[in-house]
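# What the coordinates show
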Amino acid sequence: MTVKSKPPVHIDVVVTVQEGISRSAEANKLRTRAERMIAALGLANVEVSLALVDDAVIRQLNKRWRRKDKATDVLSFPMLEVPVADIYKATKASAVLLGDIVVSVPTANRQAKTHKKAPMDEMTTLVAHGLLHLLGFDHKSDDQEREMDAYVKVLEAAAGNKKPLRLRLSP
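Residues numbered from 1 in each chain as written. Predicted model: local features only at pLDDT ≥ 70, side-chain atom pairs only at ≥ 80, totals over all residues. Heavy atoms only, no water.

## With respect to helix α4 (residues 105–115)
An α-helical turn contains 3.6 residues, so any two residues separated by three or four positions project in the same direction. Quick reminder of the rule: Classification of residues uses two cut-offs on accessible area relative to the type maximum, computed with a 1.4 Å probe and protein chains only: under 20% is buried, over 50% is exposed, and between them is partly exposed. To qualify as a helix, a DSSP run of H or I must reach at least 4 residues; to qualify as a strand, a run of E must reach at least 2; elements of each kind are numbered from the N terminus. In this context, the arc is that of the directions from the helix axis out to the C-beta atoms.
Taken as a whole, α4 has its buried residues at V105, T107, A108, Q111 and A112. One side of α4 carries all its buried residues, which in axial view fall inside an arc of 150°. Turned more than 90 degrees from where α4 packs its buried face, K113 and T114 sit exposed. One or two residues past the end of α4 sits K116, with phi positive at roughly 55°.

## Some remarks on the side chain of E122
The test is simple: Pairs of residues are marked as contacts when any of their non-hydrogen atoms sit within 4.5 Å.
When you line up the elements, E122 lands in helix α5 (residues 119–134). When its relative accessible area of 2% is taken as the criterion, E122 is described as buried. Ignoring anything within four residues of it in the chain, the contact list for E122 reads A108, Q111, A112, H115 and K117.

## Focus: empty space enclosed by the protein
What counts is decided by this rule: With a 1 Å grid laid over protein atoms only, a set of points is called a cavity when a 1.4 Å probe fits there but cannot get out and a pocket when it is open yet has protein on both sides within 12 Å along at least five of seven lines; lining residues have an atom within 4 Å of a point. Grid points are joined across faces, edges and corners, and a volume is the space filled by probe spheres set on the points.
The tally for this structure, following the rule as stated, stands at 1 cavity of 30 Å³ or more. Quantified by volume, the largest cavity comes out at close to 40 Å³. As for the largest cavity, its lining consists of V13, A34, I38, V48, L50, I101, V127 and L131. For the lining of the largest cavity, the secondary-structure elements that each account for two or more residues are α1 (24–40), β2 (46–53) and α5.

## Focus: the nonpolar core
Heads up, the condition is: Here, nonpolar core refers to any group of buried Ala, Val, Leu, Ile, Met, Phe, Trp, Tyr and Cys residues whose side-chain atoms link them within 4.5 Å.
Formed by 39 residues in total, the largest nonpolar core has its most connected members in L43, L50, L52, L98, I101, V103 and L131. Elements represented by at least two residues in this core include exactly β1 (11–17), α1, β2, α3 (84–93), β4 (96–104), α4, α5 and α6 (142–159). The element best represented in this core is α5, accounting for 8 residues. In this structure, A51, V53, I58 and L75 belong to the second largest nonpolar core, which totals 5 residues.

## Digging into the environment of A158
With respect to the helices and strands, A158 occurs in helix α6. Here the alpha-carbon distance between A158 and A34, two residues 124 residues apart in the chain, equals 9.3 Å.

## Quick notes on the layout of surface pockets
Selection rule: We call Asp, Glu, Lys and Arg charged. Ala, Val, Leu, Ile, Met, Phe, Trp, Tyr, Cys and Pro are nonpolar, and the rest, Gly among them, are polar.
Reported here for the largest pocket is a volume of approximately 840 Å³. The wall of the largest pocket is formed by 33 residues, among which H129, H133, D138, H139 and M148 lie closest to the centre. Taken together, the elements giving at least two residues each to the lining of the largest pocket come down to α2 (55–66), β3 (74–78), α5 and α6. When its residues are assigned to classes, the lining of the largest pocket shows 14 nonpolar, 8 polar and 11 charged.

## What to know about the packing of aromatic side chains
Rule in force here: Each aromatic pair joins two rings of Phe, Tyr and Trp (for Trp, the six-membered one) with centres within 6.5 Å, and gets the label stacked for planes under 30 degrees apart, edge-to-face for over 60, and tilted for any other angle.
Considering all chains together, one arrives at 2 aromatic pairs under this definition. With 6.2 Å between their ring centres and 70° between their planes, W65 and F77 make a pair best called edge-to-face. Placement of W65 in helix α2 and of F77 in strand β3 is noted, with a sequence separation of 12 residues between them. By relative accessible area, W65 is classed as partly exposed at 49%. F77 gets classed as partly exposed once you look at its relative accessible area, which sits at 21%. Here the aromatic rings of F137 and Y151 are separated by 5.3 Å at their centres, their planes lie at 75°, and the arrangement is edge-to-face. A residue pair is termed long-range when its members are at least 10 positions apart, and F137 in the loop between α5 and α6 and Y151 in helix α6 qualify at 14 residues.

Given below as structure tokens:
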């Protein structure tokens, strides 16, 4: 009998923290949560860059890339603008850089207070939201927003679970 081994799964979340904006323990916890979310999506051989910044930095990025001169909570910069099914296929052949997620820690902290959540849970929500944008999801219509919100909830659950759910997306 021949036993086929599964190819190794490579999930790499590279976290960059603006000086003075977050403790390394928080960054490591957020990295682990992001990796769990990616695993729950059934993605393998992917890399995501996650930057934790202040309002001034995210405002500059928002102004440059979205022409909106204001701070925001999260920005995503996908490397691939292809259907999510093609991303899944690509990750089977080789490693894929999905893109960059930038989270404003001060904005996340303010929103956490408003939503009566722990700051780490709010940042997890923002990373889940950003990850879905990297995979081609958007919220330009009410239906799209409801769908995205539902996926965010599933990813939040996976982020806190050591044995995450499996989810295959099709936007």
